[in-house]
Each structure stands twice: as C-alpha cells, then as structure tokens.
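Chain by chain, the residues run as shown.
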Amino acid sequence: MSVCSLTSEDFPCPGSVNWVYVDEPLPPEIPEYLCPYWETVCDAYVSNVKTVMQDLRQERILIIQHLFNIREEYTHYLGRPDLKQEFVSPWQKDYNSVPDDMRDNDDTKAELHQRLDDLREHLWDMCDKRKEQDEPERAALMGDGWLEDHTAVLIKHYSTLMQVEVDRFQDTLCILRDYYLGMYREVLLELPSDFTCITNPPSEKRISDIYQAALRTIDNLVLGEVSEENQRQQERERMEKASCASATRATADQKKRKLLRKKKIPPIPTPGPSPQPVVEESPEEILKREVKTKIHKEYAAALNHEERAVQVRIELVRGCALMMVRSLQSRTEQAFGSMEKWLAARYYAEMNSIDRLAELVRHHIQSGSKLQNELVLEHIDFYLNGDLRVVASLPPPPRPAALERPTHSSLTVAQLESLYQQLYNMAPSGLMPSAEFYHMLLDIISLNMGSNSLPEPWISMSETQLMEMIFLLTQDREQLDWRQFLLSAALPWPIPSLTQLLVMLRQFKTADTNNTGYINKEQYLQIELWSPSETVQAVPEDPSEPLPYDHQANLHKFFFQLFADHSFSPPRLDYVTMLQYLAAHPDPTQSFIRALSVVLGQHLKHPSTSCLVKAKLEGKDEEEEEEEEEEEEAPCGSSSLLGEQGVSIPALLTVICHKYTDTTGHNRFHPGCQKKHTEELVCIFKQLGYRPEDHVPFSVLSQSPLAQNLMEGSAHYQLVDIQRVLQVRQDEGELESSTDP
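From a predicted model like this one, the values you see are computed outputs, not experimental measurements. The residue numbering used here restarts from 1 in each chain and proceeds along that chain's sequence as written. The predicted origin of the model limits local features to residues at a pLDDT of at least 70 and limits the giving and counting of side-chain atom pairs to 80 or more, whereas totals for whole chains, interfaces and linings rest on all residues. Side-chain measures were taken over the full set of non-hydrogen atoms in the model, leaving aside hydrogen atoms and water.

*Asks:* Even after reading the chapter, I still don't get the overall build of the chain, so can you show me in this structure?
*Replies:* Counting its regular elements, the chain contains 22 helices and nine strands. Contact criterion: two residues are considered in contact whenever any of their non-hydrogen atoms come within 4.5 Å of each other. Restricting the contact set of the chain to residue pairs at least 6 apart, pairs at least 24 apart contribute 76%. The helix count covers DSSP runs of H or I at least four residues long, the strand count covers runs of E at least two residues long, and both are numbered beginning at the N terminus.

See the structure below:
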C-alpha cells in the first residue's frame, strides 16, 4: 500500500493538496553542496543518454546497411556469367550445317530431335549445378554470425541505457537522504564511492532478463534505504526516551533534596528502582516530534515516487529495445526470405528459357528450316539476336527509281530529255529550218503512236495544230530555235521575275571565279534556281515502292543539259545566254526588256503607264503574280536610279541576235544580220542626238518609235503557250462529238 493510499482531508499525505511540506532550515553547507551535485547528476544523465542514443542509431544503420549489402551481394552472385551460350552456339552451327535436301527426311528429323534432347539435358544439368552452388552461398551469408554479434551489441546499448537510469536513481536517493538528514540536524553520511551495477547478462540472454535485473537492483536500493532509515528512526526514538527519563529523574531528586533541607530530615537511603512516572511533554517537544514524523513521511513518499518513475523509464527502454530487436529480426527474416525466393525464381526462369529454346528449335526441325538468327541463352533470358544472322540471306531488291507520272498534256522530264536528244542529234547548234522541224516532229508523233513517249494530246495533234505551233515559234522566220520550243514545251514551270534573274546572274558570276562566262555542271547544281526543290516527301516504308519524284530538281538538271555546250569535256554552260532564254515572257516588249536587263546586269525602266506588262500563264496563281509585281515594280519607283542605265549598240545587238549564233561563233540569222540592225540602231541613236559609241539612257531610248517597234517585233523572246494550242483542239473535238447525231 502506497503512502498516499490513506489520503483524505483528515489524514493528508505528501503530494496531496492539503499537505504542508516541511521547511526546516538547513545548515548552509548542505545547499552549497547538493545544488551543484544535482546539476552535475542531470548533465551526466543527459550526456550519457545522448551518447547511448547515438550508438543505437549507428548500430541500427550498420545492421540495415549490412542487410542491404548481403542482398546486393547475393543478387550479384546469382547474376554471375554462365557457360550455356558456349554450348548453344556450336549446336546451332551443327544444326544449320545439315544439307537442305535432308531436312525433310524423317530420320534426319529424329536425329535432330535427339540432339536437341541431349542439349536440353546438358543445359538442365548446368542449372542444377548452379543451384547447388547458390544454396551454400546463401547459407554462408545467413550463418556468418555477424547479425548475432551486432544484435548483442544493440542489446548491450539498451542495457547501458538502463544502467544510466539506475545510476541517476541512486544519485537521487543520495541527494534525498542528505537533504532530509540535514533537517534532522544529523551528521551527513558519506556518498558511496561505487554504484550498483546491473548484472550484464551474456548476449544470448533476453532483454527481459536485463529488465528484471534492473528492477531487482532498484528494489534492493530502495529496501536498503528504507531499512537504514528505520534503524535511524528507532535510534532517534530510543535516544529521545532516554533523554526524557534522565531529565525526569533529575527533576524529582532536586525536589526531594529541597524538601529535606526544609524539614532537616536526615537523608534516606536511595531505594531500589521503581516505575518511572509519566512525564508530560512540553509543547516544543511535541512540535519537534511532529516535524520529525512529517520529515520521515516526506522522505518515504519521495523514495516511492522516484522508484515508480525509474521503473516507468526502464519499462519504456525495455519496450523500445524489444521493438527494435523484433524489427531487425523481421528485416533479417525478410532479407533471407527474399534471397530464397530469388534463388527459386532464377532457377525456374533458367529452366523456362531452356524449354522455350527447345520449343523454337523443334518448330524449325519440323518445318525443315534453318535457324537464321543467332540463338542467345544468357542467364535467365532466351531470345533471337535480330542484329546477327548466322545464315546468309538474300539482299532485298533495290528500290525502283523514282518515276514522274504524266499529267494530261504536260511533258515529263524524261520525255523532254528524249526530245532533246533527237533534236540535238539533228541540229546541235539549236537552229533548224522550220520545215525540217515540222517533218521531224510529225515523224516523232507518228512513230510514237500508241506508246507513252509523248502525252496523248501530243500524239493526237493534227497538222493544223502543228503548223500553228511552229508559226508561233518562228513568226514567219525560216529558222526555228528548238531550245525555245523545249522551254515552251516544259511549261508549266515558274516564270522567274526580273529580280530573280539578276540574283541568279550574281550567283553565277560568284561561282565563275575566273570570269570566263562559263560554269560546269557541279558549280551549276550548287546554285539554287528561283524555284526551290519541292519539300521533302516521306519515303515509302515499302521498299518495293519508288521514291517520290522531285519535278523541280530534275527540271533544274534538264536546263543545264538543254543550254550547255556539250562540245567541251566536261560540258560548260554560258550562263548569260541561259538567263536570256529564261527571260522569255508572253509579252514581246517585256521579254526584250528582261533580256536586255540580264545582259546589262541591271534593272531597266520602261516609261509606260504600267511599269511592267503582266500576262497570266497557265499554272501561275494570283499570289505568285502579286509577288512578282511587287518585285518588278520596286526598281521602277525612281527615274534617277538604275532606270537611267546607259545602253550601248553592242548590248542591243547581243539581245537581238543571241539566238542565231552557232557553235563557231558566226551569225546565222541571215546574211548581214548584225550589219542591218547596226545601221538601224545607229539611225536611232542619231535621231536621239547621240553618237554610235555613246550609252543612251534606256528611258530616252525607249521613247524612240523605231526602238519601240524593234522591241515589239522581237518575238523570238516570246514564250509559246503550247498547252493552249492543244486545249483548243481538244475543245473543238469535244464540241464536234457533242453535235453529232
């Protein structure tokens, strides 16, 4: 029964509300000694607890890391290389070495199946031996004693924590004893030089044994302190009784002596001992005795309180220790259980991979086919190596060349090249009599009847249409420029603006580092024309389908073939002449100005109501026309800039007679071509007030009626819309067929 079990309003006990604690004065040396000592005890307690807690954390981390390391070590051990592939590869090589004409034979298949069974049995044996090696490794990791040793160290740390609690409790008892003995005014006892230690059990002891040992130690300390206090209390009571009895006898003897003196009676001999009379205590003695009783009760209650507190803390330490050890044991069991599962799973996976290999090979044996790809059996994986073929395979057929699909009356690049070869073989200079061209083209149409060498509207072209086309190309001239014909036949293609022509001229001159006026094919292909190649199209996934055809890029190459001089090796291109051809325009005046601008390398201004006359060509939309108008009109905004470029007679002759120069450099327009036009130009210059060697501003020259007639009559720069000629014939045919009954 505790001290406070009798607590009530009449009988208060220490710790209750009505209890008044003893506040007797202490000798000054006692507080001076006990206060620093208590602070030292508390500091030592906190420091020791922190040290033990740090040791516990480090030991716990060390154990967890060890469990992780052995898991990783065992995983790495399970994944060590094996030798199965060294048996699979030679077996596959022997299997593929069987002749193809023997694979369908039943005896051959039976032999191959037997070889496969032998291989599978050998691979199974390798897996069994590997498992026999894995199991002892796992047992060695589990039974090395490391975890047991460190678990014992962990328990030792908790035992040390309990010892810290016991030491603090023992120090508290000493302080309480000295405090209350000081109130008794008794001599203080010396502090114990050695503290009671908990019995340190072997590591195999359970934590509960350490806990019980700590409780027994606490009980022994409390019992010893209570026993000593009871002995001291009994000694104090005995001494108080003896002191009271002696004081009573002395008082009685003194009274008797006074009485005898008064009566003068001789002293009577002292009789023997008689019962001591009851002595009444003074109020001071009663108060002193009550104070000592309260001190004794307070001391006993303090001992009881400290005993319960230290028992609660030790119980908490025991609970934490058990929880920690059980957690680590659970982790250990989980780690070892995982290692066992990994071993079983790996063994099963290896056996399964062997079975899958055997199943695949049996399928090839039954079908009589070779194992094209390498069989790979690595660890627990079986797969076919698609990057390595052990049997040579036939190369895939080459992808067909890109082909251009014909569109109605437009010639493909291949058809243009075919016409070029025939025309070049007949007239390498580029000029031929119109009658000869008529018969040649008529023969080509007749010979290609029913073939795909020309579009259907060309094959069905009538003689009238053919004569109309030749008339548009020659304008009653005897000679026909078949390069102009092919350039018109290649329509629709984007007509370059004058700005684009001059940009290309500068690019060609940059490539012509020696300023020869010629470039080769390599230099030509490095320069992008005014119409860039079509956007990159997706390559078909089917290798049997041809690549998309880039019409603009191939037309770019054809222009070099069309305008280059093939009498040289390698062929060379007169880029100024080519740009003069490309300066062709449906309007004769405009085509002349564009060609002259190319020869001069500068924009020329024409003083007409509209800066440039625009004609719509088939295949050109309104957006392209608007962009060209912005480019062409920009140089015409000011008459004081490039529009006043001077024009000489040689430059005009180059534009007028450029198509009629053969490969030897002699004019073939007609006898006296340059002479005739030179006389006309000299006359124009004189009428304008200039000398023949002067450079006349083009804005002035273009005001001359003779010059205007010359520009308007230069039909050899005019593009012919052959598509319109063919379309008219087609429309007439449709009209006739609709009117027939």
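*Asks:* What exactly am I supposed to notice about the packing of aromatic side chains here?
*Replies:* Aromatic rings considered in pairs are described by the distance between their centres and by the relative angle of their planes. Put simply, two rings from Phe, Tyr or Trp (the six-membered ring, in Trp's case) pair if the centres are within 6.5 Å, and we call them stacked under 30 degrees between planes, edge-to-face over 60, tilted for the rest. Under the counting rule described, the total for this entry stands at 15 aromatic pairs. Summarising the aromatic geometry, the rings of Phe-508 and Tyr-524 are spaced 6.3 Å apart at their centres and angled 15° between planes, so their arrangement reads as stacked. In this pair, Phe-508 is assigned in helix α12 (residues 498–511) and Tyr-524 in helix α13 (residues 521–525), connecting sequence segments 16 residues apart. For the residue pair Phe-508 and Tyr-524, the accessibility class agrees, reading buried in each case. Between Phe-559 and Phe-563, the ring centres sit 6.3 Å apart and the planes meet at 50°, which makes this aromatic pair tilted. The buried label goes to any residue with under 20% of its type's maximum accessible area, the exposed label to any with over 50%, and the partly exposed label to all in between, with areas taken from a 1.4 Å probe on protein chains only.

*Asks:* Which parts of the structure should I look at to understand unusual backbone geometry?
*Replies:* A negative phi angle is the norm for most residues apart from glycine, just as the trans form is the norm for most peptide bonds. In the segment running from Leu-491 into Pro-492, the intervening peptide bond is cis, with an omega of 5°. Residue Pro-570 is reached from Ser-569 by a cis peptide bond, and omega for that bond is -5°. Its place among the elements puts Pro-570 in the loop between β6 (564–565) and β7 (572–574). Even without being a glycine, His-379 presents a positive backbone phi close to 55°.

*Asks:* Got a minute to help me understand the sheet that holds β7 in this structure?
*Replies:* By definition, the strands of a sheet pair up through backbone hydrogen bonds, in either a parallel or an antiparallel sense. Sheet architecture is open: three strands sit in the order β5-β7-β6, paired in antiparallel fashion. Across the chains shown, the open sheet's two edge strands, defined by having one partner strand only, are β5 (518–519) and β6. Sheet topology places β5 next to β7; two bridges connect them, and they run antiparallel. By the bridge assignment, Ile-519 is partnered in β7 with Leu-573. Every angle, taken between N-to-C directions, lies between 0 and 180 degrees, and every axis is a line fitted to C-alpha atoms, over only the stretch in contact when it is a helix. In the packing of helix α15 (residues 575–582) onto the sheet, contacts are made with β5 and β7, and the angle to β7 comes to roughly 55°. Two strands qualify as a pair provided DSSP detects at least 2 bridges between them.

*Asks:* How do you make sense of helix α21 (residues 705–712) when you look at a structure like this?
*Replies:* Note: α-helices contain 3.6 residues per turn, so residues at a spacing of three or four share the same orientation. Taken together, the buried positions of α21 are Ala-707, Leu-710 and Met-711. Looking straight down α21, one finds its buried side chains confined to an arc of 95°; they lie on one side. In α21, those exposed residues whose orientation departs by more than 90 degrees from the buried face are Pro-705 and Asn-709. Regarding the arc, it is the one traced by the directions from the helix axis to the C-beta atoms.

*Asks:* What's the story with the side chain of Thr-332 in this structure? I'm lost.
*Replies:* Tracing the backbone through its elements, the reader meets Thr-332 in helix α6 (residues 283–367). The buried category is assigned to Thr-332, whose relative accessible area is 13%. Once you skip the residues sitting within four places of it in the chain, Thr-332 turns out to touch Leu-67 and Leu-147.

*Asks:* Looking at this model, I keep getting lost on the packing of helix α16 (residues 588–600) against helix α18 (residues 649–657). Mind explaining?
*Replies:* For any two helices packed against each other, one specifies the inter-axial angle together with the distance between the axes. Closest axis-to-axis distance for the α16/α18 pair is 10 Å, and the angle between their directions is 125°. Judged by the angle between their axes, α16 and α18 are oblique. For the crossing formed where α16 meets α18, the hand is right-handed. Of the residues in α18, those touching α16 at Phe-592, Ala-595, Leu-596, Val-599 and Leu-600 are Ala-651, Leu-652, Thr-654, Val-655 and Ile-656. Partitioning the contact of α16 with α18 into residue classes produces nine nonpolar, one polar and no charged. Under this scheme an angle from 65 to 115 degrees is roughly perpendicular, one under 35 degrees roughly parallel, and one over 145 degrees roughly antiparallel; angles in between are oblique. Crossing handedness is read from the near helix: turned anticlockwise from the far helix by less than a right angle, it gives a left-handed crossing, and turned clockwise, a right-handed one. Each residue gets one label: Ala, Val, Leu, Ile, Met, Phe, Trp, Tyr, Cys and Pro are nonpolar, Asp, Glu, Lys and Arg are charged, and the others, such as Gly, are polar.

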